[in-house]
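Next come the chains, spelled out residue by residue.
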Amino acid sequence: MEMPGSSPPESDLTPGVGAPASVSRRRAGEAEPPAPRRGPRWASDRGLIATFALLAVAAIVPIWRVRFLPLLDLPNHLAAVHIWHYFDAPWTRYQDFYELSLRPAPYGAYHVLMHLIAFAVDLEAANRIVLSAYVLSIPAAALGWAHRTRRSPWLSLLTFPLAFSLSWACGFLPFLVGISLLLAGVVALDAYLERPSRGRAAAVALLSVGCGLSHPLILFGYYVCVAVLMLCYLPRWSRIAGALPLFAPAVALLVWQLVAFESPMVDLRSGPRFKGAWVPWHEMLRSFPEYTLNSVSGDLDTQLFWGLLAAASSLALWSFARRSGFLPTREPATPAGSPLGRLHNHRSLVLCAAMVACYFLVPLHLARPFDWWFVSGRFSPLICFFGFLSITAPLRGLSRLLMVPAAAVALVLPLHLSEKYASFDERIEPFARMVGRIPPGAEVLFVSLPPRTDEALIIEGTNHFSSWVQVMRGGFSADGWHNVGFPFKLKRRLPAPPSNRGEWFKPDVHGVAYDYVILRNERLEKPVFAAARTSFRRIEREGAFSLYERAR
């Protein structure tokens, strides 16, 4: 349904289907009159601007409050960019272990952004900038999409918390950057299909390539959105046909990646080409709140999800009651329009349905052609994004107070996360001091022993801290992304146990290759090096961390 007081979408102006007589009398082939230019409604709404700014500041507090942001894969992604950016620096010794591999590849968008920004600021600050841009890009895209679909810009407040999904906790940084590109690409394509221009065409082409460079799952989700959006613009065949060539660069990149790009992640030499694991639909439904808004320990973030859903549901019910005549309104009823016009006007809902289909039909885990954990669950924030923005509530005057619960959730969640992160960061301080004591040029192994969990987190937040050592001291990290093929390839490695199996550490097999070993959660009654033939001496113990030096 259409927003009261807004002009009908162009797809409702089909001659002979509720169109004005002037449109019906337009000669075949005659150009359409230009639509009146209107700025976004939020630009003149001081209350919205103030609320949006407050929530934007709160949203990035967790990112800038601590140094060691406890996102599972973050250290490995950060180290990959560090290898690229400081490859020629003698102190890093990276040339002893790696060689650069800079061909366009999936996962590349995050690394390229980080590499470029790191020329202006240090790498850790660049990472915070990229993560802040991701967090704020979701409500920013919501503002743009609300303007395109003639929905209230206040609905964008519902989307602030969606940045902090389970994918955030897992540190899927290339995928998260891809979410930003996907949403921007949907807004850009919608703008092009409404009124083509060279600028809009360039935006669609560039964002499509960006999606192709961010993550394969993002590219899949983006093309699903593209197909659905083009369906919603029927019967504008000429505009749809004009949009198709804009995807040629992204398709060419995808073909090259499939044919020419080699990555150890992809193994098609034997066995089935595709192998995935699905879970029952009721399990996916039950897990939806956790996949969407659960990233730290405790129940508060999941409870906030239900609060957010309740706020959106109340808005939808209030809007339905007004449209159905159960509540008084001074606004005239909007004509139903043609079926294609209704499809166009409710394209947010159609996109939401498409994301729901991906959530239930795509396997939750993949084994082939590559090993991916948590695949379909990553669509849950996109379901909420398009679902929230399908609400037709006008939200004028006092009705804006209906957004107070949503704004409260958007304010409380990041502050809650920042407290959890700060407590984790405090427990990590001894680790940072120990690494700071290690002399330059030394090789260091970090081992996390059971229990690998932390009281603030739902993930094993220190599993990949070998890569933090690499960022701080250079050298080799036994836990880096050696199987991606971008931006580096492995040339030589040192022995080490798997990052999530620190109990497999053997001093005489692994420890002998390093000058220093940092252990987390070593038990005093069971010293790791007690029976080792190679001599190690403990030079510091603080908190959960112990620093050992190999005897010369």
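Because the structure is a prediction, the values reported are computed rather than measured.

### Overview of the overall build of the protein
Turning to step 1, where the next piece is worked out: Tallying secondary structure elements over the protein gives 18 helices and eight strands in all.
Turning to step 2, where the next piece is worked out: Within the protein, buried positions represent 56% of all 552 residues.
Turning to step 3, where the next piece is worked out: Considering only contacts in the protein between residues 6 or more positions apart, those separated by 24 or more positions represent 78%.
Turning to step 4, where the next piece is worked out: Accessible surface, the protein: about 24100 Å² in total, of which carbon and sulfur atoms supply 63%.

### Some words on the nonpolar core
Side chains of a nonpolar character, in soluble globular proteins, are inclined to be buried together.
Turning to step 1, where the next piece is worked out: If you look at the biggest cluster of nonpolar residues, it comprises 147 residues, and the most contacted ones within it are L158, W168, M355, F386, F431 and I518.
Turning to step 2, where the next piece is worked out: The element that contributes the greatest number of residues to this core is helix α7 (residues 173-194), accounting for 14 residues.
Turning to step 3, where the next piece is worked out: Setting aside chain neighbours within four positions, we find M355 in contact with G221, V224, C225, F379, L382, I383 and F386.
Turning to step 4, where the next piece is worked out: Core analysis: the second largest hydrophobic core is formed by 21 residues, Y94, Y98, A478 and L494 among them.

### Topic: a nonpolar patch on the surface
Turning to step 1, where the next piece is worked out: Side chains of V251, V255, L258 and V259 sit close together on the surface and give an oily, nonpolar patch of about 400 Å² of accessible area.
Turning to step 2, where the next piece is worked out: The class for V259 is exposed, based on a relative accessible area of 68%.

### Considering the pairing of strand β4 (residues 444-448)
Within a regular strand, the side chains alternate between the two sheet faces.
Turning to step 1, where the next piece is worked out: Across the five residues that make up β4, a large majority, five, are buried.
Turning to step 2, where the next piece is worked out: One ladder, built from five bridges, connects β4 with strand β6 (residues 516-520); its direction is parallel. When the bridges of β6 are listed, F446 appears paired with I518.

### Section: the packing of aromatic side chains
Centre distance and the angle of the planes are the two values used to describe a pair of aromatic rings.
Turning to step 1, where the next piece is worked out: This model, assessed by the stated rule, comprises 35 aromatic pairs.
Turning to step 2, where the next piece is worked out: The interplanar angle of 75° and the centroid separation of 6.2 Å between the aromatic rings of Y223 and F247 together place this pair among those described as edge-to-face. Taken together, the residues Y223 in helix α9 (residues 216-232) and F247 in the loop between α10 (237-243) and α11 (248-259) connect sequence positions 24 residues apart.
Turning to step 3, where the next piece is worked out: Note on Y223: relative accessible area 23%, which makes it partly exposed.
Turning to step 4, where the next piece is worked out: Seen in terms of ring centroids, F288 and F305 are 6.0 Å apart; in terms of plane orientation they differ by 65°. Their pairing is edge-to-face. In this pair, F288 is assigned in helix α12 (residues 281-293) and F305 in helix α13 (residues 300-324), connecting sequence segments 17 residues apart. Neither residue differs from the other here; F288 and F305 are each classed as buried.
Turning to step 5, where the next piece is worked out: An aromatic cluster is defined as three or more aromatic residues linked by ring pairs; in this entry it consists of F288, Y291, F305, W306, Y359, F360, W373 and F374.
Turning to step 6, where the next piece is worked out: Geometry around F172 places R378 over its ring, the cationic atom sitting 4.0 Å from the centre.
Turning to step 7, where the next piece is worked out: The ring of F175 has R378 sitting right over it, with the charged end atom 5.1 Å from the ring centre.

### Side note on α12
Turning to step 1, where the next piece is worked out: Between its first and last C-alpha, α12 extends 19 Å over 13 residues, near the 18 Å set by a 1.5 Å rise per residue.
Turning to step 2, where the next piece is worked out: S287 marks where α12 bends most, by close to 45°; the proline P289 follows one to four residues later.
Turning to step 3, where the next piece is worked out: For α12, the full list of buried residues reads M284, S287, F288, P289, Y291, T292 and L293.
Turning to step 4, where the next piece is worked out: In this structure, the buried residues of α12 make contact with α6 (166-169), α13, α15 (347-361), α16 (380-388) and α17 (404-437).

### A few points about the pairing of strand β7 (residues 536-542)
Turning to step 1, where the next piece is worked out: Examined bridge by bridge, β7 and strand β8 (residues 545-550) share six bridges and lie antiparallel to one another. Its bridge partner lying in β8, R541 is registered against S546.
Turning to step 2, where the next piece is worked out: A loop of two residues connects β7 with β8, the two strands running antiparallel in sequence, and G543 in this loop sits at a positive phi of about 60°.

### Quick word on the side chain of S295
Turning to step 1, where the next piece is worked out: Relative to the elements of secondary structure, S295 occurs in the loop between α12 and α13.
Turning to step 2, where the next piece is worked out: Ignoring any residue separated from it by four or fewer positions in sequence, one finds S295 in contact with F164, S165, W168, A169, D301, L417, Y421 and I458.

### Focus: the packing of helix α3 (residues 74-85) against helix α5 (residues 123-149)
For any two helices packed against each other, the geometry comes down to the angle between their axes and how far apart the axes lie.
Turning to step 1, where the next piece is worked out: As a packed pair, α3 and α5 sit with axes 11 Å apart at the nearest point and diverge in direction by 120°. In terms of their interaxial angle, α3 and α5 are classed as oblique. Both α3 and α5 take part in a crossing whose hand is right-handed. From α3, L74, L78, V81 and H82 reach across to α5, where they touch L123, E124, N127 and L131.
Turning to step 2, where the next piece is worked out: Residue composition of the contact of α3 with α5, grouped by class: five nonpolar, two polar and one charged.

### Topic: the sheet that holds β8
Turning to step 1, where the next piece is worked out: Ordered by their spatial adjacency, four strands build an open sheet running β4-β6-β8-β7, and the pairing between neighbours is mixed. Because the sheet does not close on itself, it has two edges, and the strands there are β4 and β7. In this sheet, neighbouring strand axes are inclined to one another by 20° on average, regardless of whether the strands run parallel or antiparallel.
Turning to step 2, where the next piece is worked out: Strand direction decides the pairing type here: β6 and β8, joined by five bridges, are antiparallel. From the neighbouring strand, Y516 faces β8, where its bridge partner is E549.

### Quick word on the side chain of S376
Turning to step 1, where the next piece is worked out: With respect to the helices and strands, S376 occurs in the loop between β3 (365-368) and α16.
Turning to step 2, where the next piece is worked out: Reaching out from S376, the side chain makes a polar contact with the backbone oxygen of V362 at a distance of 3.4 Å.
Turning to step 3, where the next piece is worked out: In contact with S376, not counting residues within four places along its chain, are M284, C358, Y359, V362, P363 and L364.

### Some details on the state of the cysteines
As used here, a disulfide is simply a covalent bond connecting the sulfur atoms of two cysteines.
Turning to step 1, where the next piece is worked out: Summed over all chains, the structure comprises zero disulfides.
Turning to step 2, where the next piece is worked out: Between C211, a cysteine without a disulfide, and C225, which holds the nearest cysteine sulfur, the sulfur-to-sulfur distance is 9.1 Å.
Turning to step 3, where the next piece is worked out: Under the relative-accessibility criterion, C211 is labelled buried at 0%.

### A short note on the pattern of salt bridges
Turning to step 1, where the next piece is worked out: Taken as a whole and assessed by the stated rule, the structure comprises 21 salt bridges.
Turning to step 2, where the next piece is worked out: In this structure, R400 and D45 form a salt bridge, with 3.2 Å as the shortest nitrogen-oxygen distance. Taken together, the positions of R400 in the loop between α16 and α17 and D45 in the loop between α1 (21-24) and α2 (46-65) put the pair 355 residues apart, joining distant regions of the chain.
Turning to step 3, where the next piece is worked out: Relative accessible area serves as the criterion here: at 10%, D45 is assigned to the buried category.
Turning to step 4, where the next piece is worked out: E194 serves as the salt-bridge partner of R195, at 3.9 Å between the closest nitrogen and oxygen.

Cut-off values and rules
Residues numbered from 1 in each chain as written. Predicted model: local features only at pLDDT ≥ 70, side-chain atom pairs only at ≥ 80, totals over all residues. Heavy atoms only, no water. Helix = DSSP H or I, 4+ residues; strand = E, 2+ residues; numbered from the N terminus. Buried < 20%, exposed > 50% of the residue type's maximum accessible area, 1.4 Å probe, protein only. Contact = heavy atoms within 4.5 Å. Areas by Shrake-Rupley, 256 points an atom, 1.4 Å probe, with all protein chains shown as cover. Core = buried A, V, L, I, M, F, W, Y, C linked by side-chain atoms within 4.5 Å. Patch = residues over 30% accessible without salt bridge, like charges linked within 9 Å, V, L, I, M, F, W, Y side chains within 5 Å. Salt bridge = Lys/Arg side-chain N within 4 Å of Asp/Glu carboxyl O. Pairing = 2+ DSSP bridges. Phe/Tyr/Trp six-rings, centres within 6.5 Å; stacked < 30°, edge-to-face > 60°. Lys NZ or Arg CZ within 6 Å of the ring centre and 35° of its normal. Expected span 1.5 Å × (residues − 1). Bend = angle between axes of the 7 residues up to and from the residue. Axes fitted to C-alpha atoms, helices over the stretch in contact; angles between N-to-C directions. Parallel < 35°, antiparallel > 145°, perpendicular 65-115°, else oblique. Left-handed = near helix turned anticlockwise from the far one by under 90°. Nonpolar A, V, L, I, M, F, W, Y, C, P; charged D, E, K, R; others polar. Polar contact = N/O pair within 3.5 Å; in protein donor to acceptor, adjacent residues only side chain to side chain. Disulfide = S-S within 2.5 Å.

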